[in-house]
Amino acid sequence: MKDKKIIKEIVSLEKLVHEPSRLAILTILSGVKEADFKFLLRISGFTRGNLSVHLSKLEEAGYVNVSKRFINKIPNTVYNLTKEGRKAFNGYLKNMEKIVKWGK
Amino acid sequence: MMDSFKEKKSEKVEDLKKKVHRAWYEDGIFEIGFGMLYLIVGLVFVSPIMKFLHGSRLSIVFLRLIVVLAIVGGISWLIRKFKEKVVWNKAGYSARRDYNPKMVLILAVVIFLFFGFYILDLSFLLSGISTFLLGFIMFFVFVAQYVQAGKPIRFLVLSPIPLLVAGVNYLLGLTPDDGLFLMIYILGCTFLISGVVVYVNFKRKLA
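Residues numbered from 1 in each chain as written. Chains lettered and ligands numbered in written order. Predicted model: local features only at pLDDT ≥ 70, side-chain atom pairs only at ≥ 80, totals over all residues.

Asker: Lay out the overall build of chain A with the relevant residues and their values.
Answerer: Along chain A, the regular secondary structure elements total 6 helices and 3 strands. Mapped from its N terminus to its C terminus, chain A presents α and β elements in the order α-α-α-β-α-α-β-β-α. Out of the 104 residues belonging to chain A, those deemed buried represent 27%. Considering only residue pairs separated by 6 or more positions, chain A has 55% of its internal contacts joining residues 24 or more positions apart. (Helix = DSSP H or I, 4+ residues; strand = E, 2+ residues; numbered from the N terminus. Buried ≥ 20, exposed ≤ 12 C-beta atoms within 10 Å, placed from the backbone. Contact = placed C-beta atoms within 7 Å.)

Asker: Explain the overall build of chain B residue by residue, including any values.
Answerer: Within chain B, the regular secondary structure consists of 8 helices and 1 strand. Starting at the N terminus, the α and β elements of chain B follow one another as α-α-α-β-α-α-α-α-α. For chain B, buried positions account for 26% of its 207 residues.

Asker: So what's going on with the interface of chain A and chain B? Which residues, and what values?
Answerer: Contact residues are listed per partner, giving 22 residues for chain A and 23 residues for chain B. Contributions of two or more residues to the side of chain A that touches chain B are made by α3 (20-30), β1 (32-36), α4 (37-44), β3 (74-81) and α6 (83-103) of chain A. Partitioning the side of chain A that touches chain B into residue classes produces 11 nonpolar, 5 polar and 6 charged. The sheet contact formed by β1(A) and strand β1 (residues 94-96) of chain B spans 3 bridges and is antiparallel. Considered in β1(B), the bridge of A:A35 is made with B:S94. (Nonpolar A, V, L, I, M, F, W, Y, C, P; charged D, E, K, R; others polar. Pairing = 2+ DSSP bridges.)

Asker: Report on α4(A), specifying residues and quantitative values.
Answerer: Residues and elements named next belong to chain A. Listed in full, the buried residues belonging to α4 are F39, L40 and I43. Angular distribution of buried residues about the axis of α4 spans 95°; they occupy a single face of the element. In the segment just after α4, G45 is the residue with positive phi, at about 80°. (Arc of directions from axis to C-beta.)

Asker: Which residues make up the packing of α3(A) against helix α5 (residues 48-60) of chain A, and what are the values?
Answerer: Residues and elements named next belong to chain A. The contact between α3 and α5 brings their axes to 10 Å, and the two run at 75°. With respect to their mutual orientation, α3 and α5 come out roughly perpendicular. Contacts between α3 and α5 pair S21, R22 and I25 from the former with N50, H54, L55, K57 and L58 from the latter. Of the residues in the contact of α3 with α5, the class split is 3 nonpolar, 3 polar and 2 charged. (Axes fitted to C-alpha atoms, helices over the stretch in contact; angles between N-to-C directions. Parallel < 35°, antiparallel > 145°, perpendicular 65-115°, else oblique.)

Asker: Could you give me a rundown of the sheet that holds strand β2 (residues 64-71) of chain A, with the residues and numbers involved?
Answerer: An order of β2(A)-β3(A)-β1(A)-β1(B) is seen for the 4 strands of this open sheet, with the pairing classed as antiparallel. Each edge of the sheet is formed by a strand with only one pairing partner; in this case those strands are β2 of chain A together with β1 of chain B. For this sheet, the mean inter-axis angle between neighbouring strands, taken without regard to orientation, is 25°.

Asker: Which residues make up helix α7 (residues 160-172) of chain B, and what values go with them?
Answerer: Residue and element names in this part refer to chain B. With 13 residues, α7 should cover 18 Å at 1.5 Å per step; its first-to-last C-alpha distance of 18 Å lies within 8% of that length. By the burial criterion, the buried members of α7 are P162, V165, A166 and N169. For α7, the angular spread of the buried residues around the axis is 100°, confining them to a single face. Across from the buried face of α7, at angles greater than 90 degrees, the exposed residues are L164 and L171. (Expected span 1.5 Å × (residues − 1).)

Asker: Tell me about the pairing of β2(A), residues and numbers included.
Answerer: All names here are of chain A. As paired strands, β2 and β3 are joined by 8 bridges and run antiparallel to one another. The partner of I71 across the bridge, within β3, is I74. Adjacent in sequence and paired antiparallel, β2 and β3 are bridged by 2 residues, among which N72 carries a positive phi angle near 50°.

Asker: Could you give an account of the pairing of β1(A), naming the residues involved and the relevant values?
Answerer: On any regular strand, side chains alternate: one points to one face of the sheet, the next to the other face. With 2 bridges joining them, β1(A) and β3(A) adopt antiparallel strand pairing. Within β3(A), the residue paired with A:A35 across the bridge is A:Y79.

Asker: Explain the confidence of the model for chain B residue by residue, including any values.
Answerer: All names here are of chain B. Per-residue confidence for chain B gives a mean pLDDT of 75; residues scoring 70 or more make up 76%. Within chain B, the lowest mean pLDDT, 67, falls on helix α4 (residues 101-119), and the highest, 85, falls on helix α2 (residues 29-46). At the level of chain-chain contacts, confidence expressed as ipTM amounts to 0.80, with global pTM at 0.73. (pLDDT = per-residue confidence, 0-100.)

Asker: An account of the nonpolar core is requested, with residue identities and associated values reported.
Answerer: Formed by 28 residues in total, the largest nonpolar core has its most connected members in A:I25, A:L26, A:I28, A:L29, A:A35, A:L40 and A:V64. Put simply, the parts of the chain that give this core at least two residues each are α3, β1, α4, α5, β3 and α6 of chain A together with α1 (2-23) and α3 (58-91) of chain B. Among all residues touching A:I25, those that are not within four sequence positions of it are A:L40, A:S44, A:H54, A:L55 and A:L58. B:F30, B:L134, B:F142 and B:I184 belong to the second largest nonpolar core, which has 20 residues in total. (Core = buried A, V, L, I, M, F, W, Y, C linked by C-beta atoms within 7 Å.)

Asker: Give a description of the environment of A:I74 that names residues and reports values.
Answerer: Residue and element names in this part refer to chain A. Topologically, I74 is positioned in strand β3. Assessed through the 9 C-beta atoms surrounding it within 10 Å, I74 is described here as exposed. Sequence spacing of I74 and A24 is 50 residues, and the spatial spacing of their C-alpha atoms is 27 Å.

Written out as structure tokens, the structure is:
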């Protein structure tokens with residue numbers, strides 16, 4: 001019975017969050033109120049293209065909010081986690097913990 | 001198998017969280033801000049403004065608090081402008097998550113009691129406790145930064161300095177006023193120098 005429940009949790013691990021690059025982006029965004037593309041690029045160490053693709057996927061899923069503005073007349077794109085994004089990220093970490101406890 | 005999987009994932013998540021936290025301090029502006037705060041408060045001590053800030057009447061206490069808040073607000077504004085112009089275009093922009101309201105309230109009360117009643121009113125200083133109090137507060141601030149951010153060893157180097165200065169004050173038998181002056185100027189200069197050195201290295205790294 002317990003095994004079935006755990007297997008269900010493994011299956012329910014969200015693929016979108018489980019992908020390492022996207023998990024890294026969500027981890028960075030979970031620690032800040034908002035951050036721009038350059039900050040995410042520097043902290044994650046990804047290439048521009050890679051980061052851009054993963055951010056688009058997270059935005060499509062409604063996990064990341066994107067806003068554009070100007071700082072000293074220079075365009076600046078700012079990202080932040082939405083409520084759903086934070087919920088998905090925290091839920092993923094909780095599920096992982098449960099699965100690992102079961103594995104021990 | 002499962003353990004190593006968990007360890008790898010959680011280690012990476014934790015490392016990344018610490019890296020984000022470190023990013024706020026790697027430009028040294030945190031220390032520069034603290035250094036400026038100390039030195040400006042020190043200047044207020046010796047300025048003619050102090051004539052109007054003596055006494056323990058509630059209105060005077062509020063006036064002292066307004067002076068401190070004006071200094072903190074001014075420094076925060078300066079730092080933000082500086083970051084906007086110099087740091088964000090190279091290192092990227094990020095804003096901290098909103099603080100817990102309870103923590104903000106506790107901090108506000110501590111600042112009110114500490115700055116309002118102690119720091120700016122020399123006549124209120126009856127013992128050297130305030131230098132030790134200041135030393136302990138600064139010690140915990142820097143130790144907390146070290147623990148949260150992980151790597152920056154400079155916080156471990158900076159943290160015992162306030163306690164050392166407080167200890168030296170006590171051993172030298174300085175008056176509370178002189179002790180506090182010494183503490184404020186030494187800490188102000190130490191933080192400012194440390195911040196500038198870190199900032200110069202940070203700029204070199206990004207260039």
